[in-house]
Amino acid sequence: MVARTIPVETFDLVIFGGTGDLARRKILPSLFRRMREGQMPTDARIIACARGKMSRKAFQQMIREALEEFIPNDTDRPEDLVGTFLKALDFVTLDVMGTQGWDDLAGKLRDDAIRAFYLSVGPGLFGAIASKLSETGLATPESRIVVEKPLGHDYTSACELNRQLSASFDEHQIYRIDHYLGKETVQNLMALRFANALFEPLWNAQHIDHVQITVAESIGVEGRGGYYDKSGAMRDMVQNHIMQLLCLTAMEPPARFEPDAVRDEKLKVIRALDPVTSEETVRGQYRANGEGGYLDHVENPDSRTESYVALKVQISNWRWAGTPFYVRTGKKLRSRMSEIAVIFKEVPHSIFPEVSQRKGNALIIRLQPDEGITLRMTIKDPGPGGMRLREVPLDMSFADALADAGAVPDAYERLVMDVIRGNQTLFMRGDEVEAAWAWTDAILATWDDSGDRPHPYDPGGSGPEDALALLHRDGRRWREVET
Ligand code: NDP
Ligand code: BG6
């Protein structure tokens, strides 16, 4: 089975900030891969804008080098295709806060192509760009605008950002990226839940003891200390990526796989989240231990910003009341590993009384690395000698099961093509972002009120000791952060 690729219609994609890190590392290599797979038409145009003066040729050379760096394998980058891709690129020198360059940009856009504006610049420029696109008439009723985190720093700033965008664009034109939604395994979570009859009848508090969502990273904040120290794990990961994982795990089945049907259900989950008390949160900050600690990478030597957070989250609705969702994420942990673990309750009555402590079934959805699904089952230990039980994994690695479907595409490949297709299902709606911030703000406020410092933890471990206690006192334990 070979992956089916449906080409999109031709488009003009304007990337404000087209010479920046995000454009060079993610957006343009993803577009190249889509052209290689036959999805991006060869007559599509990509127009980068930035303040720096640069010729079209120099920009093309910059992107040639970016492709070499971020798609390192020569065989993945056939020279003829690189040439075709570079021909699609153009560059306009333009300060989005100024008046020069906009006519030049207008002259490069076609009336009969899909038009999308990707704002790959700091969020402080989003409002100015949106209103300029509207004033200059470059934004048509069908054009799309793409923005990316940070979508606000708190509820108030997120509302202000939404207000600025919606002053010039309708909600159906606004594509708010959370790159986790573009990950193949995250989409697979919806397929697993809603395309299989097996799990849905069990997917509730009656059968599920608890859920653990883990996004562990082995990297630290090196090189990003300036941004990260103003953000912390709660704003950087929980408010957006982990919230999306939680919503997709907990939401009711939408009536259709359509943007608002899916987003309505996610929003209902966020609105049903209980406020989290300070006893239900643990913050950590990695210390120096043979290598630089968190404080060595940020300006403020007394920073209280968390590089780790664990929370016990309760959802007050009929499906989930009484079944906690424990979530955790952190930098400088033992390994890079993200998973959603659904831990089922034990059987109501054991007919094997001599077998002591057993665990319930568990369904593990591995997001990265080695994407796949494992179902933990209890079976009889083979051989004579009585009824001994043991746990075994029913393990499916997507790489093995879907080997003939080709490489798993990067999240940006899927998301940028969805922008062109006009499909908002995997993008966040404004009210969803605001609701997520309202819930997050309350947690941040409890931390501010307490004045406590984050708990130190050793790099290369599984986070602060107190995070273990968060589950221990409920008679549960975290799954190992494994390599
Ligand atoms: P960079 O600083 O690397 O790039 C910023 C780009 O914006 C440059 O091309 C810069 O070029 C251009 N720019 C800055 N000011 C203006 C202006 N006034 N007018 C026109 N162009 C301007 O940032 P990143 O690429 O890393 O990030 C861009 C945005 O994406 C940020 O909001 C970031 O938070 C977000 N993001 C980034 C991720 C990443 O992996 N890098 C991941 C997720 C989100 P010049 O200076 O020549 O104008
Ligand atoms: C980004 C965060 O949004 O997601 C980073 O700003 C984090 O701090 C990254 O490292 C994780 O993404 P991924 O795709 O590597 O899991």
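Each chain has its residues counted from 1, following the order in which its sequence is written. Working convention: letters from A go to chains and numbers from 1 go to ligands, in the order in which they are written. Restriction of local features to residues with pLDDT of at least 70 applies here, the model being predicted, together with a cutoff of 80 or more for giving and counting side-chain atom pairs; totals for whole chains, interfaces and linings are based on all residues. Side-chain descriptors were evaluated using all non-hydrogen atoms of the structure, hydrogens and water having been removed beforehand.

Chemist: Looking at this model, I keep getting lost on the overall build of the chain. Mind explaining?
Modeler: Each helix is a run of DSSP H or I of at least 4 residues and each strand a run of E of at least 2, with the numbering of both proceeding from the N terminus. Scanning the chain for helices and strands turns up 14 helices and 15 strands. Its C-alpha atoms give the chain a radius of gyration of 24 Å, near enough to 23 Å, the size a compact globule of 483 residues would have. Its C-alpha atoms put the chain at 80 × 55 × 45 Å along the principal axes. Taken across its 483 residues, the chain has 51% of its residues classed as buried. Any two residues having at least one pair of non-hydrogen atoms within 4.5 Å are treated as being in contact. Look at the contacts in the chain between residues 6 or more apart in sequence, and 76% of them connect residues 24 or more apart. Here the accessible surface of atoms and residues is derived via Shrake-Rupley with a 1.4 Å probe, and residues count as covered only by protein chains that are part of the display. Element-wise, carbon and sulfur atoms account for 51% of the exposed surface of the chain, whose accessible area totals about 21800 Å². Neither His nor the chain ends contribute to the count of charged residues, in which Lys and Arg are positive and Asp and Glu negative. Lys charges are placed at NZ, Arg charges at CZ, Asp charges at CG and Glu charges at CD. Computed over 59 positive and 72 negative side-chain charges, the inter-centroid distance for the chain is 2 Å. Note that the radius of gyration is over C-alpha atoms, with the globule rule given as 2.2 Å times the number of residues to the power 0.38. Three exposure classes are used, based on accessible area relative to the maximum for each residue type with a 1.4 Å probe and protein chains only: buried under 20%, partly exposed in between, and exposed over 50%.

Chemist: Any chance you could explain unusual backbone geometry here in plain terms?
Modeler: In terms of backbone geometry, most residues other than glycine have negative phi values and most peptide bonds are trans. Lys149 connects to Pro150 through a cis peptide bond whose omega is 5°. Residue placement: Pro150 occurs in the loop between β5 (144-148) and α6 (155-166). The amide bond that connects Gln368 to the next residue, Pro369, takes the cis arrangement and shows omega of -15°. In this structure, Lys332 takes a positive phi of about 60° despite not being glycine. Counting through the fold element by element, Lys332 comes out in the loop between β10 (325-330) and β11 (337-344). You can call Lys332 buried: its relative accessible area is 9%. Phi angles above zero are rare outside glycine, and Asp370 is one such case at about 50°. Structurally, the position occupied by Asp370 is in the loop between β12 (362-368) and β13 (372-380).

Chemist: Even after reading the chapter, I still don't get the packing of helix α1 (residues 21-36) against helix α12 (residues 411-421), so can you show me in this structure?
Modeler: When two helices pack together, you describe them by how their axes are tilted relative to each other and by the distance separating the axes. Contact geometry of α1 with α12 gives a least axis separation of 8 Å together with a crossing angle of 75°. The pairing of α1 with α12 is recorded here as roughly perpendicular in orientation. In this structure, α1 uses Leu22, Lys26, Ser30, Leu31, Arg33 and Arg34 to contact α12, whose residues at the interface are Tyr412, Glu413, Val416 and Met417. For helices, the axis comes from a line fit to the C-alpha atoms of the stretch in contact; other axes are also lines fit to C-alpha atoms, and the angle between any two N-to-C directions lies between 0 and 180 degrees. Each angle is binned into one of four classes, with values under 35 degrees roughly parallel, values over 145 roughly antiparallel, values of 65 to 115 roughly perpendicular, and all other values oblique.

Chemist: I'm lost on the side chain of His241 in this one. Help?
Modeler: Secondary-structure assignment places His241 in helix α9 (residues 232-250). Once residues within four sequence positions are removed from consideration, His241 is found in contact with Lys149, Asp178, His179, Tyr180 and Asp236.

Chemist: For this particular structure, what's the right way to read helix α5 (residues 126-135)?
Modeler: Count 3.6 residues to each turn of an α-helix, and residues three or four apart come out pointing the same way. All of the buried residues in α5 are Phe126, Gly127, Ile129, Ala130, Lys132 and Leu133. Following α5 by one or two positions, Gly137 has its phi on the positive side, about 75°.

Chemist: Hey, could you run me through the site of ligand 1 in this one?
Modeler: Nearness here has a simple test: a residue counts as near a molecule or strand if at least one of its heavy atoms is within 4 Å of that partner. Among the 20 residues in the neighbourhood of ligand 1, the closest are listed as Thr19, Asp21, Leu22, Arg25 and Arg51. Throughout this description, a polar contact denotes any pair of N or O atoms lying within 3.5 Å of each other; where both atoms belong to protein, one of them has to be capable of donating a hydrogen while the other can accept it, and for residues adjacent in sequence the pair is counted only when both atoms sit in side chains. Taking Asp95, its side chain carries an N or O atom lying 2.9 Å from a nitrogen atom of ligand 1. The fraction of the free accessible surface of ligand 1 (890 Å²) that becomes covered by protein chains is 71%. Counting residues per element, the shell around ligand 1 draws most heavily on α1, at three residues.

Chemist: Is there a simple way to think about the nonpolar core in this case?
Modeler: Burial of nonpolar side chains together is a common tendency in soluble globular proteins. Throughout, nonpolar core names a set of buried Ala, Val, Leu, Ile, Met, Phe, Trp, Tyr and Cys residues whose side chains join them through atoms within 4.5 Å. Phe16, Leu31 and Phe85 are the most contacted members of the largest nonpolar core, which has 139 residues in total. Here this core takes eleven residues from α9, the largest share from any one element. Among residues more than four places away in sequence, those in contact with Phe16 are Cys49, Leu94, Val96, Trp102, Leu105, Phe117, Tyr118, Leu119, Ser120, Val121, Ile129 and Leu133.

Chemist: Even after reading the chapter, I still don't get the site of ligand 2, so can you show me in this structure?
Modeler: Taken together, Lys149, His179, Tyr180, Lys183, Glu217, Arg224, Asp236, Met237, His241, Lys331, Arg336 and Gln368 are the residues near ligand 2. Between ligand 2 and the protein, one listed contact pairs an oxygen atom with a side-chain N or O atom of His179 at 2.8 Å. Contact between ligand 2 and Tyr180: an oxygen atom at 2.5 Å from a side-chain N or O atom of the residue. When ligand 2 sits alone it has 400 Å² of accessible area, and the protein chains cover 83% of it. Ranked by the residues each element gives to the shell around ligand 2, the list is headed by α9, at three residues. Amino acid classes used here: Ala, Val, Leu, Ile, Met, Phe, Trp, Tyr, Cys and Pro are nonpolar; Asp, Glu, Lys and Arg are charged; the rest, including Gly, are polar. Broken down by class, the residue content of the shell around ligand 2 amounts to two nonpolar, three polar and seven charged.

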